[in-house]
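# Reading the structure
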Amino acid sequence: MAQLTKAVGALLCVVCLLVPLTSATTRDVSYCNKKANYAVKVSGIDISPFPISRGVETTFAIAAATDEVISGGNLKIDVTYWGFHIHSETHDLCKKTVCPVANGNFTIIHKQALPGITPPGSYTLKMTLSGANKKELTCINFDFSMGFIAAADGLAEA
Ligand SMILES: *[C@@H]1O[C@H](CO)[C@@H](O)[C@H](O)[C@H]1NC(C)=O
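What you see is a predicted model; the values in this text were computed from it and never measured. (Residues numbered from 1 in each chain as written. Predicted model: local features only at pLDDT ≥ 70, side-chain atom pairs only at ≥ 80, totals over all residues. Heavy atoms only, no water.)

## Details of the pattern of salt bridges
Convention followed: One speaks of a salt bridge when a side-chain nitrogen belonging to Lys or Arg is within 4 Å of a carboxyl oxygen belonging to Asp or Glu. The secondary structure listing takes helices from DSSP runs of H or I that are at least 4 residues long and strands from runs of E that are at least 2 residues long, numbered from the N terminus.
Under the definition given, this model contains two salt bridges. Between Lys135 and Glu68 there is a salt bridge; the shortest N-O distance is 3.0 Å. Within this pair, whereas Lys135 is found in the loop between strand 8 (121-131) and strand 9 (136-146), its partner Glu68 is found in the loop between strand 4 (57-66) and strand 5 (73-81), the two being separated by 67 residues in sequence. The salt bridge partner of Lys76 is Asp78, with a shortest N-O separation of 3.2 Å.

Right, dumping it as structure tokens:
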């Protein structure tokens, strides 16, 4: 029994050391249409905390650059789970960045908490940015996976 307690203690210690190291990450993104010449180029997405867990508000900071002034528009988010479209939402771009967006670099900040019931598996998040005239300015995809262990965390916090 004492042996087991020691082992569990050691394991928890490893976890507590690892967590701060993985709390934020910058990920590469891929464009939805690799041949498109989007007016907005995305250089990376910063996810914090990382890995993404259920019931925890996650901040997505998207580093982008624009060729044209953006007076307003929408940010549409689509989530697919094992390839199935499960969720879609649209936000006012000007609530996620400062409008009008001048030529050059800018950052889009989006905060989202995944529900506690989010099942483990492989997810893709698609973010589509469109201008005031509905023109698609950019579209990016990135993949993430949700583990089984996080399910217990999510339930504990719920
Ligand atoms: C814009 O962002 C890119 C990519 O992060 C960076 O290399 C470049 O130096 C930035 N330019 C300015 C003017 O901040």
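The rest of the description comes next.
## Brief notes about the state of the cysteines
Definition in use: Cysteine sulfur atoms that come within 2.5 Å of each other are treated as a disulfide pair. Accessibility here uses a 1.4 Å probe with only protein chains present; expressed as a share of the type maximum, an area under 20% marks a residue as buried, one over 50% as exposed, and anything in between as partly exposed.
Overall, the coordinates contain two disulfides when judged by the stated rule. Disulfide pairing is shown between Cys32 and Cys139; the S-S distance is 1.8 Å. One quick way to see it: the torsion about the S-S bond of Cys32 and Cys139 is about -70°, and its sign makes the bridge left-handed. Here the residue Cys32 occupies a position in the loop between strand 2 (30-31) and strand 3 (40-48), and Cys139 occupies one in strand 9, the gap between them amounting to 107 residues. Given a relative accessible area of 28%, Cys32 falls into the partly exposed group. What makes Cys139 buried here is its relative accessible area of 3%. Two residues, Cys94 and Cys99, share a disulfide whose sulfurs are 2.1 Å apart. Disulfide Cys94 to Cys99: torsion about the S-S bond roughly -90°, handedness left-handed. Of the residues examined, Cys94 reaches a relative accessible area of 28% and is grouped as partly exposed. The partly exposed category is assigned to Cys99, whose relative accessible area is 24%. Of note for the protein: the bonded cysteines, numbered N- to C-terminal, pair according to 1-4, 2-3.

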